[in-house]
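# Coordinate analysis (summary)
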Amino acid sequence: MKKLFVRTVTGIVYVAVIVLAMTLHPYAFLALFMLVAGLSLHEFHTLIRHNNGTEASARHPEKSFSRWLEIAGGIYLFAASFFYASGKISEIIYAPYLLFLIFILIAGLYHKKENPVNRWAMTLFSQFYCAGLFSMLNFVVFDPTNKTYHPYYVLFIFIFIWLNDTGAYLVGTTFGKRRMFPRVSPLKSWEGFAGGLVIAWMAALTLAYFYPVVSWYHWIAFATIIVLFGTWGDLVESLIKRTYGVKDSGTLLPGHGGILDRFDSMMLATPVIWLYLRFFIQN
């Protein structure tokens, strides 16, 4: 009972902070997700230290210059994407980040006691997976034509993810028998997936009624993309955790795990939503 209470309170605060930051001001959105991107990189580096006693723990000590440099690089990428997507500065803002990536490659030449290729792979993957995917939010919240700030599509991404998670949990725990990916996530079922998808479709049709400027079939596609790629995003993070032998990516959010545990679905769904918006709605 206590765990359920803690999980519920954490969930309410989590939702409130996201909605408030996104609707309050663009810079509130920037501040929140710069923090989230940095924390996700911190979690990722902590997570890979649990590589069942292999050399990963030695390559990534808990406190090191390279660790914090990579976190700073990821935060910079998110901020740079924000100012570029908002039209406040040209693509030159990415120059320091490009130099940072070049520095990472050059620095690998001087790590004599380590496997430089593994280190490069881990660093570049963490930058793409954490900083890069989070940075795609900026290209969704800013209109590509007039560069105005519109947080609603990103809010809808989160709403569909939350509804999908709720529907999948309720249906999956009640009727779930056929496992989707037992090797990666033993609890996910096809019944739960279908339940989350139906809930998302119902929400999409409701949005189409109250927000008819976007056609109903676009809302259905929007919901389907989020459920499908959100599920894959959750499975990708589950595979990472299973590879490194941990249950949760962190403990920052009591009852929910860590930052990656809460944002994994959004991270994979956002780039695809951005593509859909550009090709089928905003054009």
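Just so it is clear, the structure is predicted and the values come from calculations on it, not from any experiment.

## Side note on the overall build of the protein
Looking only at helices and strands, one finds 10 helices and two strands in the protein. Helices (α) and strands (β) of the protein occur, in sequence order from the N terminus, as α-α-α-α-α-α-α-β-β-α-α-α. Relative to the 2.2 N^0.38 estimate, which gives 19 Å for 283 residues, the radius of gyration of the protein is 20 Å and therefore close to what a compact globule would have. Each principal axis of the C-alpha atoms in the protein carries an extent, and together these give about 60 × 50 × 30 Å. Counting all 283 residues of the protein, 49% fall into the buried class. A fraction of 70% describes how many contacts in the protein between residues 6 or more apart in sequence connect residues 24 or more apart. Each charge class in the protein can be summarised by its mean position, and for the 22 positive and 14 negative side chains these summaries are 4 Å apart.

## Focus: the confidence of the model for the protein
Within the protein, residue pLDDT values average 89, and 93% of them lie at 70 or more. Overall, residues 52-62 carries pLDDT values under 50, and its contacts beyond four positions in sequence, including any with other chains, amount to 22 contacts.

## Some remarks on the nonpolar core
In terms of nonpolar packing, the biggest core is built from 74 residues, with Met22, Phe33, Phe134, Phe158, Phe160, Phe222 and Phe263 touching the most fellow members. Among the elements that make up this core, the one with the highest residue count is helix α6 (residues 116-141) (11 residues). Those residues in contact with Phe222 that sit more than four places away from it in its chain are Tyr153, Phe156, Ile157, Phe160, Ile273 and Leu277.

## Quick notes on the packing of aromatic side chains
A ring pair, where both rings are aromatic, is described by two values, the distance of the centres and the angle of the planes. If you walk through the whole model with that rule in mind, you get 34 aromatic pairs. With a centroid separation of 5.9 Å and 85 degrees between ring planes, the pair formed by Trp216 and Tyr217 is classed as edge-to-face. The class of Trp216 is exposed, set by a relative accessible area of 53%.

## Description of the side chain of Arg278
Among the structural elements, Arg278 can be located in helix α10 (residues 259-281). With no salt bridge to any partner, buried Arg278 finds its closest opposite charge in Asp143, at an N-O distance of 7.1 Å. Within the structure, the side chain of Arg278 is placed 2.6 Å from the backbone oxygen of Phe139, a separation counted as a polar contact. Those residues in contact with Arg278 that lie beyond four places of it in its chain are Phe139, Phe142, Pro144 and Asn283.

## A closer look at the environment of Phe158
In this fold, Phe158 is placed in helix α7 (residues 152-175). Exposure remark for Phe158: the relative accessible area of 1% places this residue in the buried category. Remark: the alpha-carbon pair of Phe158 and Met266, spanning 108 residues in sequence, is separated by 7.0 Å.

Conventions we followed
Residues numbered from 1 in each chain as written. Predicted model: local features only at pLDDT ≥ 70, side-chain atom pairs only at ≥ 80, totals over all residues. Heavy atoms only, no water. Helix = DSSP H or I, 4+ residues; strand = E, 2+ residues; numbered from the N terminus. Rg over C-alpha atoms; globule rule 2.2 N^0.38 Å. Buried < 20%, exposed > 50% of the residue type's maximum accessible area, 1.4 Å probe, protein only. Contact = heavy atoms within 4.5 Å. Lys, Arg positive; Asp, Glu negative; His and termini not counted. Charge placed at Lys NZ, Arg CZ, Asp CG, Glu CD. pLDDT = per-residue confidence, 0-100. Core = buried A, V, L, I, M, F, W, Y, C linked by side-chain atoms within 4.5 Å. Phe/Tyr/Trp six-rings, centres within 6.5 Å; stacked < 30°, edge-to-face > 60°. Salt bridge = Lys/Arg side-chain N within 4 Å of Asp/Glu carboxyl O. Polar contact = N/O pair within 3.5 Å; in protein donor to acceptor, adjacent residues only side chain to side chain.

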